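# What the coordinates show
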Amino acid sequence: MAFSTVNSDRSAIVSVLSILSGTERFASIPIIASVVRASKIANPPVPRYSEAWQPETVFAHWRARHTDGVDTVLSESDARGLAISLFAIARFPRVSDMARLENDLVREDPEGLSYQFRGTKESGSDGSLTPRMWLPWRPASDGDPFLCPARALLVYRSMVAHKRKASARGLFLNLRDGSSIGAERISKCMQEVLKAAGIDTSVYKGNSGRMAGSSAAIDAGHDPESVLSTGRWSSRAVFNKFYNRAQSQQSRKRAASVSNGTAPPGRRARASQPSSSA
């Protein structure tokens, strides 16, 4: 059995037991840990993708579909797809983290949007918040203001505000009943965009935006350390093995040479984050 399957099953079992018991001690039970370690040794994880799709393919899809640019009137479904796909490309979060992006934690400021994720994979706690991160407005001089990820998120949020249930904490909603949607549905929304853009979805799944966006940022010459920090990778080795599919050999070498670790969190890191058009 593949390591990823064993690890996913372990996480599901531990989560259920933790909820039922009110403790998180099951994750450290020796026999569970030893089974996971043995599986990793016997079936080491391998990269899912050998190369990345190009974000420009998704941008071209949205340009062709919405020829009126910034004044285009979107359907709610399109607005959600645009927001999810642009955010995935610009900030390369895990799909599970996009499901943990709460509406109240996305805030507008003069330079763009700031946001936090709650209860991420690495935090080990449902209530823990990441440091606040920033998504700047895409400069008008870049053209295509319609493709500004920060603006797309705000437009989408405004369009569906009337549907939002009081209990819906997540930014992304089920458009029928106003409830929050989870990682599986967000991944499906992303995959629908990829398919519409002509990207082979038998190969690339909804989680591939993390790989494609970060690889494009490396190819565009962004500081590898800021790419690691923005995507919240704690390991240079993991990023280069599983996610970095930059086309340029020079870009790959530059990313491989970055020191392990991440840039300091906080507002002063804002300027070093990859631009929204990455």
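So, how was this worked out
- Residues numbered from 1 in each chain as written.
- Predicted model: local features only at pLDDT ≥ 70, side-chain atom pairs only at ≥ 80, totals over all residues.
- Heavy atoms only, no water.
- Axes fitted to C-alpha atoms, helices over the stretch in contact; angles between N-to-C directions.
- Helix = DSSP H or I, 4+ residues; strand = E, 2+ residues; numbered from the N terminus.
- Parallel < 35°, antiparallel > 145°, perpendicular 65-115°, else oblique.
- Left-handed = near helix turned anticlockwise from the far one by under 90°.
- Contact = heavy atoms within 4.5 Å.
- Polar contact = N/O pair within 3.5 Å; in protein donor to acceptor, adjacent residues only side chain to side chain.
- Salt bridge = Lys/Arg side-chain N within 4 Å of Asp/Glu carboxyl O.
- Core = buried A, V, L, I, M, F, W, Y, C linked by side-chain atoms within 4.5 Å.
- Buried < 20%, exposed > 50% of the residue type's maximum accessible area, 1.4 Å probe, protein only.
- Pairing = 2+ DSSP bridges.

### A look at the packing of helix α8 (residues 209–219) against helix α9 (residues 224–231)
Helix packing for two helices is described by the angle between their axes and how far apart those axes are. One can describe the packing of α8 onto α9 by two numbers: an axis separation of 9 Å at closest approach and a directional angle of 160°. Comparing their axes, α9 and α8 come out roughly antiparallel. Crossing handedness for the pair α8 and α9: right-handed. Judged by residue contacts, Arg210, Ser214, Ala217 and Ile218 of α8 engage Pro224, Val227 and Gly231 from α9.

### Some points on the environment of arginine 80
The topology assignment puts arginine 80 in helix α4 (residues 76–91). For the pair arginine 80 and arginine 157, spaced 77 residues apart in sequence, the C-alpha to C-alpha distance is 8.5 Å. In this view, arginine 80 contacts Tyr156, Phe172, Leu173, Asn174, Leu175, Ile181, Arg185 and Cys189; residues no more than four positions away in its chain are not counted. Within the local environment of arginine 80, its side chain forms a polar contact with the backbone oxygen of leucine 173, the two atoms lying 2.8 Å apart.

### Thoughts on the pattern of salt bridges
All chains considered together, the criterion is met by eight salt bridges. Taking the shortest distance from any N to any O, the salt bridge between glutamate 76 and lysine 163 comes out at 2.6 Å. Placement of the pair is glutamate 76 in helix α4 and lysine 163 in the loop between α6 (149–160) and α7 (183–196), with a sequence separation of 87 residues. Here arginine 100 and aspartate 97 are joined by a salt bridge, their closest N and O atoms 3.4 Å apart. Salt bridges sharing partners connect three or more residues here, namely Arg94, Asp97, Arg100 and Arg232.

### Points about the nonpolar core
Membership of the largest hydrophobic core comes to 50 residues, with the highest contact counts inside it found for Trp53, Val58 and Phe172. Those elements that place two or more of their residues in this core are α3 (55–65), α4, α5 (95–99), β2 (112–115), β3 (133–136), α6, α7 and α8. With near-sequence residues (within four places) excluded, tryptophan 53 lies in contact with Val58, Ile89, Met190, Leu194, Ile199, Tyr204, Ser208, Gly209 and Ala212. Ranked by size, the runner-up nonpolar core spans eight residues in total, among them Ala217, Ile218, Val227 and Trp233.

### Description of the sheet that holds strand β1 (residues 107–109)
The strand order across the open sheet built from three strands is β1-β2-β3, with neighbouring strands paired in antiparallel fashion. Two strands lie at the open edges of the sheet, namely β1 and β3, each paired on one side alone. Put simply, the sheet's adjacent strands are angled 30° from each other on average, direction ignored. Where β1 lies against β2, three bridges are found, and the strand directions are antiparallel. In the sheet register, arginine 107 faces β2, and the bridge partner there is serine 114. Running over the sheet, α6 touches β1, β2 and β3 and is turned about 95° from β3.

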